[in-house]
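# Analysis of the macromolecular model
So you can see what is in the structure, the chains are spelled out below.
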Amino acid sequence: MSRADVVGQGGTIENGASESGVIGSGVGEGGAIGSRVGAGGVIGGGVGEGDRKPNPLWTFGLFRSELLTTFRRWRTLALLAVLAAVPILVGIAVKIETGDGSSAGGGGPEGGGGPAFISQITNNGLFLVFTALAATLPFFLPMAIGVIAGDAIAGEANAGTLRYLLVAPAGRTRLLLTKYATTMTFCLVATLVVAVSALTVGALLFPLGDLTTISGTRISFGEGLARALLIALVVAVSLIGVAALGLFVSTLTNSGIAAMATTVGLLITVQILDQIPQLHALQPYFFSHYWLSFADLMREPVYWDDLVKNLGLQGLYAAVFGSAAWARFTAKDITA
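Residues numbered from 1 in each chain as written. Predicted model: local features only at pLDDT ≥ 70, side-chain atom pairs only at ≥ 80, totals over all residues. Heavy atoms only, no water.

## Some points on the environment of methionine 260
By the element assignment, methionine 260 lies in helix α11 (residues 256-273). Overall, the relative accessible area of 13% leaves methionine 260 in the buried class. Spatially, the C-alpha atom of methionine 260 lies 4.9 Å from that of valine 147, the residues being 113 residues apart in sequence. Beyond its immediate sequence surroundings of up to four residues, methionine 260 is in contact with Arg75, Gly146, Val147, Gly150 and Asp151. (Helix = DSSP H or I, 4+ residues; strand = E, 2+ residues; numbered from the N terminus. Buried < 20%, exposed > 50% of the residue type's maximum accessible area, 1.4 Å probe, protein only. Contact = heavy atoms within 4.5 Å.)

Here's what the structure looks like:
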């Protein structure tokens, strides 16, 4: 008897599964997890034995199911809608401001920060992509990632579905890696939503063509588009540290709301600390310190120093908090 059959019938588990004492007669009440656990294959007669190795196809099925579950939630769709709306609002604001022929504010191109690109949007709509990513990276994108990562484990525990997921032959490590992979996929999708929305609005409201880099050199529109894609990928990778931090927080509590609030609170606190001059010695170690280094990809030649520091720092945060999440989750007493 398959797990999907058992959950769908809402009855007891036959062939000895219920005798192991792991699952009672009310397994069918957790209907929300039927599709995910069903990918695990047959569990009758061997749930408690611990000698069944999960099929690699089961892992793919679990990952696919996690993706579907995440992106079908209204909360996820609302987050993506907010991210898509930011470039629209910025583009319309710049269009209104420059409607009389004046230039948009934001400083000169030598500023090196994202907002400096605002002054270039009226000349080339492609700069709206860089401006939108710079506007969403400090808060909107990390907040969305914090919500998804914070809810990854704690949300399952709060809904009472976590222990049922662990009944399937996956193991805690495999489930944790699947949750992290799902969060990282959301990072990429969220970043691309911002970039595509900005490119669409920029093409509709402003001219497109060859563009001028921060260094003052001219590059073709095709090369500029390739750099925009590379910048979007760098921004997505810049969030892997936040994803690992949120996942670790999610293993500390059974409340999804508490995990999400704690993760977002930590994001805001770190970015406030990153702006205090007296903490300049510590700031290079904050995960947000090099986020806007993606602007160096618009230089000719590209400045790689801060970009490499950013990627290395994100990898360090992912390793530390990912290991902490694994240590906590594998030793955690699952009661929900």
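## Some remarks on the packing of aromatic side chains
In this structure the tally under the stated criterion is seven aromatic pairs. Note on phenylalanine 127 and phenylalanine 130: the rings are 5.6 Å apart at their centroids and 80 degrees apart in plane angle, and the pair reads as edge-to-face. In this pair, phenylalanine 127 and phenylalanine 130 both sit in helix α5 (residues 127-136), three residues apart, roughly one turn of the helix. Accessibility expressed as a relative area gives 0% for phenylalanine 130, which makes it buried. Residues phenylalanine 248 and phenylalanine 321 carry aromatic rings whose centres are separated by 5.9 Å and whose planes lie at 50 degrees to one another, so their mutual orientation is tilted. Pair noted here: phenylalanine 248 is in helix α10 (residues 240-250) and phenylalanine 321 is in helix α12 (residues 305-331), with a separation of 73 residues, a long-range link. (Phe/Tyr/Trp six-rings, centres within 6.5 Å; stacked < 30°, edge-to-face > 60°.)

## Focus: the packing of helix α8 (residues 172-205) against α12
Across the interface, α8 lies against α12 with an axial gap of 10 Å and an inter-helix angle of 140 degrees. With respect to α12, the axis of α8 lies oblique. Relative to α12, the crossing made by α8 is right-handed. Between α8, through Arg172, Thr173, Leu175, Leu176 and Tyr180, and α12, the contact on the second element is made entirely by Ala318, Ala325, Trp326, Phe329, Thr330 and Ala331. Class assignment of the residues belonging to the contact of α8 with α12 gives a composition of eight nonpolar, two polar and one charged. (Axes fitted to C-alpha atoms, helices over the stretch in contact; angles between N-to-C directions. Parallel < 35°, antiparallel > 145°, perpendicular 65-115°, else oblique. Left-handed = near helix turned anticlockwise from the far one by under 90°. Nonpolar A, V, L, I, M, F, W, Y, C, P; charged D, E, K, R; others polar.)

## Let's talk about helix α4 (residues 74-97)
In this model, α4 (24 residues) spans 34 Å end to end at C-alpha, consistent with the 34 Å of a helix rising 1.5 Å per residue. Taken together, the buried positions of α4 are Thr76, Leu79, Leu80, Leu83, Val86, Pro87, Val90, Gly91 and Val94. (Expected span 1.5 Å × (residues − 1).)

## Concerning unusual backbone geometry
Negative phi is the rule for most residues except glycine; trans is the rule for most peptide bonds. In the segment running from glutamate 300 into proline 301, the intervening peptide bond is cis, with an omega of 0 degrees. Inspection of the secondary structure assignment puts proline 301 in the loop between α11 and α12.

## What about the confidence of the model for the chain?
Averaged over the chain, the pLDDT score is 77; the fraction of residues at 70 or greater is 72%. Confidence scores differ between elements of the chain, with helix α1 (residues 3-9) showing the lowest mean pLDDT of 40 and helix α9 (residues 221-237) the highest of 93. Every residue in residues 1-52 scores below 50 in pLDDT, and together they form 71 contacts with partners more than four places removed in sequence or on other chains. (pLDDT = per-residue confidence, 0-100.)

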